Amino acid sequence: MDLSYTPEEEEFRARLREWLAKALPTLPARPSPDDWPGRRAYDLGWQRMLHDAGYADVHWDASPTIRLIFLEETEKAGAPYVGANFVGLLHAGPTVAAEGTPGQRARWLPPILRGDEVWCQGFSEPDAGSDLAALRTRARRDGDDYVVSGSKIWTSHAEVADWCELLVRTDPGAPKHKGITWLAMPMDAEGVTVRPLRTLAGSAEFAEVFLDEVRVPVANRVGAENDGWRVTMVTLSFERGTAFVGEVVACRRVLGELARTARENGRWDDPVLRRRLGRLHAEFRALWRLTQWNVSEAEASGGVPGVGGSVFKLRYSHARQELYDTAAEVLGPDRLDLDRPWVLDRLSSLSYTIAAGTSQIQRNIVAERILGLPKGR
């Protein structure tokens, strides 16, 4: 498999670098992490800048390789992360682009690209745990609407979202993977209640969402009724395939910073620490190559990442945790100082083996869909 870049792709990289060098100094100061209206405005402002420069649709209409270059270069340049636009740009938007009708694509994709609307993800539920297909939020058909009741948890950016990619059970009598439907729900609909959740790191980018007889138009259904599990696999393939690309680049940068800090504070004299840093360097180089392989596979299969994304997500989650455990070793007694670099990152890294599918779920996917092992009974 050819992992090199074409002259056209390298030209795109050079043009993007030049634009970033001019655009980034014009950005306003970043808002406080607790100022979610401010963070929404900041993130949407950055998305509008990308839109006006012609880079907004890189996540959908560009080739997977161009998408990879974009994520790599923006992270290296220190550009803002997608932030509040995460679900719209990297989950819901690509799903609508791949599975939506022409009318749905025309309605929902341009506002995401322009930075006009924010999406959240309503998948997880309090009683379903990691078994997403065990969801119990019900939707019954009433004329041209679905009437939805239930609750969701760990709903990303619900407190500032305009829309929610929502999984509901439309046929409770069907096998659990067969009776699910994927809906786009307006967050200002009557009956929607949002309660922010504060994480271990002190942030509140997640929320509980309670749904009490919420009416969602049938026209907002993506895919066929009861075919939502298949549509969800498309969503999750994006979530596990390319959504963490920028973070791999960030981790490689952090690794270099850790090595420099260890040299400055004397921790570099510890041979065990040096070996650990060296192994992590190899680990993240391998993860970057795996990312390129997954992108090449997606290029050959129409742009949707395959099950290789589960291999990447499984290994990346653990490598990230090990990276920030190593950061704690480098910091020494300062590892508990929340004002020091990497301390809050270490706390947030604990969630990566759970978010976007637990490591146990990823191992099942790898075992069944890649290795061909039989499913558990």
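You'll find the structure just up there.
Reading the values: rules and limits
Residues numbered from 1 in each chain as written. Predicted model: local features only at pLDDT ≥ 70, side-chain atom pairs only at ≥ 80, totals over all residues. Heavy atoms only, no water. Helix = DSSP H or I, 4+ residues; strand = E, 2+ residues; numbered from the N terminus. Polar contact = N/O pair within 3.5 Å; in protein donor to acceptor, adjacent residues only side chain to side chain. Contact = heavy atoms within 4.5 Å. Buried < 20%, exposed > 50% of the residue type's maximum accessible area, 1.4 Å probe, protein only. Core = buried A, V, L, I, M, F, W, Y, C linked by side-chain atoms within 4.5 Å. Expected span 1.5 Å × (residues − 1). Arc of directions from axis to C-beta. Salt bridge = Lys/Arg side-chain N within 4 Å of Asp/Glu carboxyl O.

(A) Expanded view of the side chain of threonine 137. With respect to the secondary-structure elements, threonine 137 resides in the loop between β1 (119–122) and β2 (138–142). At 2.7 Å, the side chain of threonine 137 and the side chain of glutamate 125 are in polar contact. Only 3.3 Å separates the side chain of threonine 137 from the backbone oxygen of serine 151, close enough to count as a polar contact. If we skip the residues at most four places from it in the chain, threonine 137 touches Glu125, Val148, Ser149, Gly150, Ser151, Lys152, Leu167, Val168, Arg169 and Leu211.

(B) Seen up close, unusual backbone geometry. The phi dihedral of histidine 157 falls on the positive side, at around 60 degrees, and the residue is not glycine. Looking at the element boundaries, histidine 157 is found in the loop between β3 (145–152) and β4 (163–169). For histidine 157, a relative accessible area of 8% puts it in the buried group. Within the chain, asparagine 226 stands out as a residue other than glycine whose phi angle is a positive 70 degrees. Topologically, asparagine 226 is positioned in the loop between β8 (221–222) and α6 (228–241). Residue asparagine 226 is classed as partly exposed on the basis of its relative accessible area, which comes to 24%.

(C) Just the nonpolar core, in detail. Core analysis: the biggest nonpolar cluster contains 27 residues, and Leu89, Trp108, Trp119, Leu167 and Trp182 have the highest contact counts within it. Sorting elements by how many residues they give to this core places helix α4 (residues 86–99) first, with six residues. Setting aside residues up to four positions removed in sequence, leucine 89 forms contacts with Gln47, Ala56, His59, Trp60, Val82, Pro94, Ile112 and Leu113. Counting 25 residues, the second largest nonpolar core, distinct from the first, contains Cys120, Tyr146, Ala158 and Val160.

(D) Summary view of helix α1 (residues 7–23). With 17 residues, α1 should reach 24 Å at 1.5 Å per residue; the first-to-last C-alpha distance of 24 Å fits that figure. Within α1 the residues assigned to the buried category are Glu9, Phe12, Arg13, Leu16, Trp19, Leu20 and Ala23. Buried residues of α1, viewed axially, fall in a sector of 135 degrees; they line one side. When the buried face of α1 is taken as reference, the exposed residues oriented beyond 90 degrees from it are Pro7, Ala21 and Lys22.

(E) Region of the structure containing the environment of aspartate 142. Its place among the elements puts aspartate 142 in strand β2. Aspartate 142 sits in the partly exposed class, given a relative accessible area of 33%. Note: C-alpha distance between aspartate 142 and valine 216 (74 residues apart in sequence) is 9.9 Å. Not counting residues within four places of it along the chain, the set of residues in contact with aspartate 142 comprises Val147 and Arg215. Side chain to side chain, aspartate 142 and arginine 215 meet in a polar contact 2.8 Å long.

(F) The arrangement of the pattern of salt bridges in detail. Applying the stated criterion across every chain, the model contains 23 salt bridges. Measuring nitrogen to oxygen at the nearest pair gives 2.7 Å for the salt bridge that ties glutamate 75 to arginine 253. Pair noted here: glutamate 75 is in helix α3 (residues 64–76) and arginine 253 is in helix α7 (residues 245–265), with a separation of 178 residues, a long-range link. Glutamate 75 gets classed as buried once you look at its relative accessible area, which sits at 14%. Through salt bridges with shared partners, one network takes in Glu10, Arg13, Arg17, Glu72, Glu73 and Lys76.

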